[in-house]
Amino acid sequence: MNPARHTLHDALEDAAELLRKTRRVVVLTGAGISTPSGIPDFRSEGTGLWARDEPLEVASMDTFRQAPEKFFAWFRPLAGRIFGAQPNAAHQALADYEQTGHVMVIATQNIDGLHHKAGSSKVIELHGTIRTLSCTQCFRQYDSHPFLKPFIEGGIIPLCTNCNGILKPDVILFGEQLPQAAWYEAQRESQQADLMVVAGSSLEVLPVAGLPMQAIDRGAHLIVINNTPTYINVRADVVLMDDVAAVIPEIINRAIHG
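Residues numbered from 1 in each chain as written. Predicted model: local features only at pLDDT ≥ 70, side-chain atom pairs only at ≥ 80, totals over all residues. Heavy atoms only, no water.

S.K.: I would appreciate a short explanation of the overall build of the chain in the present structure.
M.R.: Across its full length, the chain carries 11 helices and nine strands. For a compact globule of 258 residues, the expected C-alpha radius of gyration is about 18 Å, and the chain comes in at 19 Å, within 12% of that figure. Along the longest, intermediate and shortest principal axes, the C-alpha atoms of the chain span 60 × 35 × 30 Å. Within the chain, buried positions represent 52% of all 258 residues. Put simply, 65% of the contacts in the chain that link residues at least 6 apart link residues at least 24 apart. Summed over its atoms, the accessible surface of the chain is roughly 12100 Å², and 50% of this surface lies on carbon and sulfur atoms. The average position of the 21 basic charges and that of the 28 acidic charges among the side chains of the chain differ by 5 Å. (Helix = DSSP H or I, 4+ residues; strand = E, 2+ residues; numbered from the N terminus. Rg over C-alpha atoms; globule rule 2.2 N^0.38 Å. Buried < 20%, exposed > 50% of the residue type's maximum accessible area, 1.4 Å probe, protein only. Contact = heavy atoms within 4.5 Å. Areas by Shrake-Rupley, 256 points an atom, 1.4 Å probe, with all protein chains shown as cover. Lys, Arg positive; Asp, Glu negative; His and termini not counted. Charge placed at Lys NZ, Arg CZ, Asp CG, Glu CD.)

S.K.: Sorry, what's going on with the environment of Gly38 here?
M.R.: Within the element layout of this structure, Gly38 appears in the loop between strand E1 (24–29) and helix H2 (49–52). Judged by its relative accessible area of 30%, Gly38 falls in the partly exposed class.

S.K.: I would appreciate a short explanation of the sheet that holds strand E7 (residues 195–199) in the present structure.
M.R.: The sheet built from six strands is open, its strands ordered E3-E2-E1-E7-E8-E9 with parallel pairing. A single partner strand is all that each edge strand has here, and the edge strands are strand E3 (123–125) and strand E9 (238–240). Here the average twist between neighbouring strands, direction ignored, is 15 degrees. Bridge count between E1 and strand E2 (residues 103–108): six bridges; the pairing is parallel. Residue pairing in the sheet places Val25 in a bridge with Met104 of E2. Taken strand by strand, helix H9 (residues 180–192) contacts E1, E2, E3 and E7, and its axis lies near 130 degrees from that of E3. Contacts between helix H11 (residues 244–257) and the sheet are confined to E7, strand E8 (221–225) and E9, with E8 contributing the most and set at about 140 degrees to the helix. (Pairing = 2+ DSSP bridges. Axes fitted to C-alpha atoms, helices over the stretch in contact; angles between N-to-C directions.)

S.K.: Could you clarify how one ought to interpret the pattern of salt bridges in this entry?
M.R.: Proximity of charged atoms lets side chains of opposite charge pair with each other. As enumerated under the stated definition, the model contains six salt bridges in all. In this structure, the salt-bridge partner of Glu250 is Arg254, at a minimum N-O distance of 2.7 Å. Here Arg254 and Glu250 lie together in helix H11, a separation of four residues that amounts to about one turn. Overall, Arg254 belongs to the buried group, its relative accessible area being 14%. One network of salt bridges, in which partners are shared, links Glu13, Glu250 and Arg254. (Salt bridge = Lys/Arg side-chain N within 4 Å of Asp/Glu carboxyl O.)

S.K.: Before we go on, may I ask you to explain the environment of Arg254 in this structure?
M.R.: Along the primary structure Arg254 and Glu17 are separated by 237 residues, whereas in three dimensions their C-alpha atoms are 8.4 Å apart. With near-sequence residues (within four places) excluded, Arg254 lies in contact with His9, Leu12, Glu13, Ala16 and Arg20. There is a polar contact of 2.7 Å between the side chain of Arg254 and the side chain of Glu250. (Polar contact = N/O pair within 3.5 Å; in protein donor to acceptor, adjacent residues only side chain to side chain.)

S.K.: What am I meant to see in unusual backbone geometry here?
M.R.: Glycine aside, residues mostly have negative phi, and peptide bonds are mostly found in the trans state. That bond from Leu206 to Pro207 is cis: its omega, 5 degrees, falls within 30 degrees of zero. Mapped onto the elements of the fold, Pro207 is located in the loop between E7 and helix H10 (211–217). In the Ramachandran plot, Phe139 falls in the positive-phi region, its phi being about 70 degrees despite a non-glycine side chain. On the secondary structure map, Phe139 appears in the loop between strand E4 (128–135) and strand E5 (141–143). With a phi angle near 70 degrees, Asn164 is a residue other than glycine that sits in the positive phi range. Structurally, the position occupied by Asn164 is in the loop between helix H8 (145–154) and strand E6 (167–171).

Set out below in structure tokens:
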């Protein structure tokens, strides 16, 4: 890419060109791709979830074990937002691009399941998912949908129908390790990628923040789309500091239609 080309039009064209000429694409998505669907992120000043709450007090594994009602009280409004959310134009564009036959893997830090709702089939959920719940006693796993509505509407903490143990959303809390299989798969895909696209992630949370380095160290190109700077911008072929929900559909439209 030509570093002298700084206009939005040129950056979009450069990004589309990279998409057209690469064979294996990994898209690393963060909270910024889901905020246009009404799901708050964690770190935005004044509006992020951690602007109001101390994460280790409400969203840690220790809190869940010792005071699950405290976790569920914090989680309830977020679960309501996620339960009612629909994929936006960025989620849909990524799913549409996969349908054209391109090898695209989405590695997401999000727990909302919106990539699945949009129709993407190759999704690695690095921080877990709200789509399932697991019993903390007998470890039976459940589809979350039948439990979420009474929880959101009435505050009814989900309980296992087998042993009456508390059901924990299959999301990664502070103090938990990333799901091993998902993490290994994300590393493997990143190291085999021809192109990595970072979309809506500030790349502040390890170890996921290191995936773009693994990709470019193996020779991959890099596109960064985020409304704030990231540590990896200086290594990127294209940087677009703009709204992910507007930029991704435009890039993919240009990549498909030329």
